[in-house]
Amino acid sequence: MTRPLPTVTPNTWEFLRDPMIAPTGFREYDARWKYPDQINLPGITALGLGLGTQMQARGIAPVIAVGNDYRDYSLSIKNALILGLMQAGIHVRDIGPALSPMAYFAQFHLDAPAVAMVTASHNPNGWTGVKMGFERPLTHGPDEMAELRDIVLEGRGQPRPGGAYEFVDGMREAYLDDLAGDFRMTRKLRVVCATGNGTASAFAPDLFQRIGVEVIPSHNRLDYTFPHYNPNPEAMEMLHDMADTVRATGADFALGFDGDGDRCGVVDDEGEEIFADKVGVIMARDLSKLYPNATFVADVKSTGLFASDPELIKNGVTADYWKTGHSHMKRRVRELGALAGFEKSGHYFLAHPIGRGYDCGLRVAVELCKLMDRNPDKSMSDLRRALPVTYSTPTMSPFCADTEKYAVLDRIVAKLVARHRAGEPLAGRAIKEVVTVNGARVILDNGSWGLVRASSNTPNLVVVCESSDSDAEMRAIFAGLDAVIRTEPSVGDYDQTI
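Computed from a prediction, not measured in an experiment: that's the story for all the values here. (Residues numbered from 1 in each chain as written. Predicted model: local features only at pLDDT ≥ 70, side-chain atom pairs only at ≥ 80, totals over all residues. Heavy atoms only, no water.)

Colleague: Explain the UniProt feature "domain: Alpha-D-phosphohexomutase C-terminal" (unreviewed entry) in the protein to me, using residue names and the numbers behind them.
Modeller: The residues that UniProt annotates with the feature "domain: Alpha-D-phosphohexomutase C-terminal" (unreviewed entry) are residues 430-479. For the annotated span residues 430-479, helix accounts for 18% and strand for 46% of the residues, and the straight-line distance between the end C-alpha atoms is 16 Å. (UniProt positions renumbered as here; feature names shortened; annotations may be inferred. Helix = DSSP H or I, 4+ residues; strand = E, 2+ residues; numbered from the N terminus.)

This is how it looks when you write it as structure tokens:
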């Protein structure tokens, strides 16, 4: 295998022949590139050969489940990836168009040791990528990604005989059957099903009907141009649209899904957007009654309520705050034997006996409907209001180039740590500690906090702030944190702000 080039000129003979792969696409736990600017089809084939070589070198049985999301170029990319996998001697079991969690499910259902899902997740059109894993329900973490990057970029892919291709029919139906099980609602629920014209449009409405939920459709027609907005239930644009539909229809709540269906967003019956970490606390309260003394993992972007909520404390909950990112969270949930993990981005990791430990937005949707069924006298807004009040920002992402963001973050973290050591305040309050497990979470003396970290998937930093006191304090924390961030000239504009 020849070494892929970092750039090849488009519209040339070489572009159709020679593999091109921008090294920055190998991220912490996903592979993700702009296509065809940063990777071409021969580059995708080289990636497949590298992934297959990695499987062989690790002694993984040479069988892999492969799927693709609903974008107009994803099938071409999947076919190019499959070509490389087969070159490496791998038996490919192609499950067709899929959600990422359907591909993870296929690993269990087909007893396939490995998975590769072609998706750019919630990134806008023009992006592509692969979510992959060898040890179900886990996906590649930093070590596996670094190993794969080196195999691919150093041209160490090894062709072998024995590659095979098989199309597996019926996976969508098996996945929906598994999600619904024998559960049927006993209370009437009217739910806005928001899929943003993405892949979940082919799954979520059917699933709700199977469990006896009345569906109020919202952009449920498959359309890979995403005519309304990019399906991302962490983006206020999608959440506001869900809220407008709830208010217009009098729905019980809205559930929204991202481009590959592994995340779920919630808007309550009053049109209030409940960020996913708060939904996690609502779920943890309910689940800890059924499973006392449970452990829950929350990512560092999440609310402090997992540790401080009186109901969770009463139910004997152990809270563990861990690194953001689906691969990090899946590993931590398994390592601790936790009942569930929650990320502010809308990834939920429901482990045995609720789920299999991987992130599935549709599994979360079913479990929220079950939760409402167990609380027939409560509305979603009742459950929201029952939580201690905190004031949170959405996830805000200022631009910072992939080649610079980690060095920029290191300098920002050092400045925040120095501020703490010097006894300097933030937002007019003393800094209690700076947690540096994943960026910097600056915790104030009243438990309020602000976080800055590097995005693993896009050329951005990530900023989240929460006050236990007031909206004004939350804004002051953001202003104080942003002032430190702005000392770095290469940090650009935010995608959304307060």
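Colleague: Explain the pattern of salt bridges to me, using residue names and the numbers behind them.
Modeller: The final tally for this structure, using the stated rule, is 48 salt bridges. We note a salt bridge from Glu270 to Arg385, for which the minimum N-O separation is 2.7 Å. Note that Glu270 is positioned in the loop between β10 (264-268) and β11 (273-274) and Arg385 in helix α14 (residues 380-385), a separation of 115 residues in sequence. Residue class for Glu270 comes out partly exposed when judged on its relative accessible area of 38%. The exposure class assigned to Arg385 is partly exposed, which follows from its relative accessible area of 45%. Of the charged contacts in the structure, one is a salt bridge between Asp320 and Arg332, with a shortest N-O distance of 2.9 Å. Within this pair, whereas Asp320 is found in strand β13 (residues 318-322), its partner Arg332 is found in helix α12 (residues 326-336), the two being separated by twelve residues in sequence. (Salt bridge = Lys/Arg side-chain N within 4 Å of Asp/Glu carboxyl O. Buried < 20%, exposed > 50% of the residue type's maximum accessible area, 1.4 Å probe, protein only.)

Colleague: Pulling in residues and values, what's your account of the packing of aromatic side chains?
Modeller: Inspection of the entire model under this criterion finds twelve aromatic pairs. Consider the rings of Phe108 and Tyr358, whose centres lie 6.0 Å apart with planes at 40°: the pair is tilted. Taken as a pair, Phe108 in helix α4 (residues 100-109) and Tyr358 in the loop between β15 (348-350) and α13 (361-374) lie far apart in primary sequence, 250 residues in all. Taking the relative accessible area as the measure of exposure, Phe108 reaches 28% and is therefore partly exposed. The class of Tyr358 is buried, set by a relative accessible area of 8%. Centre to centre, the rings of Tyr175 and Phe203 are 5.9 Å apart; their planes meet at 75°, and the pair counts as edge-to-face. On the criterion of sequence distance, the pair formed by Tyr175 in helix α6 (residues 171-180) and Phe203 in the loop between β7 (190-194) and α7 (204-210) is long-range, its members being 28 residues apart. For Tyr175, a relative accessible area of 1% translates into the label buried. (Phe/Tyr/Trp six-rings, centres within 6.5 Å; stacked < 30°, edge-to-face > 60°.)

Colleague: Can you break down the sheet that holds strand β14 (residues 340-342) residue by residue, with the values?
Modeller: Strands in a sheet are paired, the pairing made by backbone hydrogen bonds, and the direction either parallel or antiparallel. The strand order across the open sheet built from four strands is β13-β12-β14-β15, with neighbouring strands paired in mixed fashion. For this open sheet the edge positions go to β13 and β15, each flanked by a neighbour on one side alone. Pairwise comparison of adjacent strand axes, ignoring direction, gives a mean angle of 15° for this sheet. The pairing of strand β12 (residues 295-299) with β13 spans five bridges and is parallel. Considered in β13, the bridge of Thr295 is made with Thr318. Across the sheet, helix α9 (residues 276-290) is in contact with β12, β14 and β15; its angle to β15 comes to roughly 20°. Across the face of the sheet, α12 comes into contact with β12, β13, β14 and β15 while running at roughly 160° to β12. (Pairing = 2+ DSSP bridges. Axes fitted to C-alpha atoms, helices over the stretch in contact; angles between N-to-C directions. Contact = heavy atoms within 4.5 Å.)

Colleague: A description of the state of the cysteines should follow, citing residues and the corresponding values.
Modeller: Disulfide: a covalent bond formed between the sulfur atoms of two cysteine residues. For the structure on display, the rule yields zero disulfides. The structure places no disulfide on Cys369, whose sulfur is separated from the nearest cysteine sulfur, that of Cys264, by 9.1 Å. In this model Cys465 remains outside any disulfide bridge; the closest cysteine sulfur is found in Cys400, 17 Å from its own. On the basis of relative accessible area, Cys465 is assigned to the buried category, the value being 0%. (Disulfide = S-S within 2.5 Å.)

Colleague: Describe the sheet that holds strand β18 (residues 440-444), listing the residues and the values that go with them.
Modeller: Sheet architecture is open: five strands sit in the order β16-β20-β19-β18-β17, paired in antiparallel fashion. If you trace the sheet from one side to the other, it starts and ends with β16 (391-392) and β17 (431-435), each paired once. Pairing between β17 and β18: four bridges, direction antiparallel. Bridging across to β18, Val434 finds its partner in Val442. Against the sheet, helix α16 (residues 471-485) makes contact with β16, β18, β19 (449-454) and β20 (461-467), and its axis sits at roughly 150° relative to β20, the strand it touches most.

Colleague: Any details on the environment of Asp258? Residues and values, ideally.
Modeller: Inspection of the secondary structure puts Asp258 in the loop between β9 (253-257) and β10. According to the relative accessible area criterion, Asp258 is buried, its value standing at 0%. Sequence separation of Asp258 and Arg58 is 200 residues, and the distance between their C-alpha atoms is 32 Å. A distance of 3.1 Å separates a polar atom in the side chain of Asp258 from a polar atom in the side chain of Arg263. (Polar contact = N/O pair within 3.5 Å; in protein donor to acceptor, adjacent residues only side chain to side chain.)

Colleague: Break down the UniProt feature "domain: Alpha-D-phosphohexomutase alpha/beta/alpha" (unreviewed entry) in the protein for me, citing the residues and quoting the values.
Modeller: Within the UniProt annotation, "domain: Alpha-D-phosphohexomutase alpha/beta/alpha" (unreviewed entry) is assigned to residues 25-154, 174-271 and 277-389. A helix fraction of 41% and a strand fraction of 22% characterise residues 25-154, whose end C-alpha atoms lie 15 Å from each other. Measuring from the first to the last C-alpha atom of residues 277-389 gives 13 Å, for a span that is 48% helix and 14% strand.

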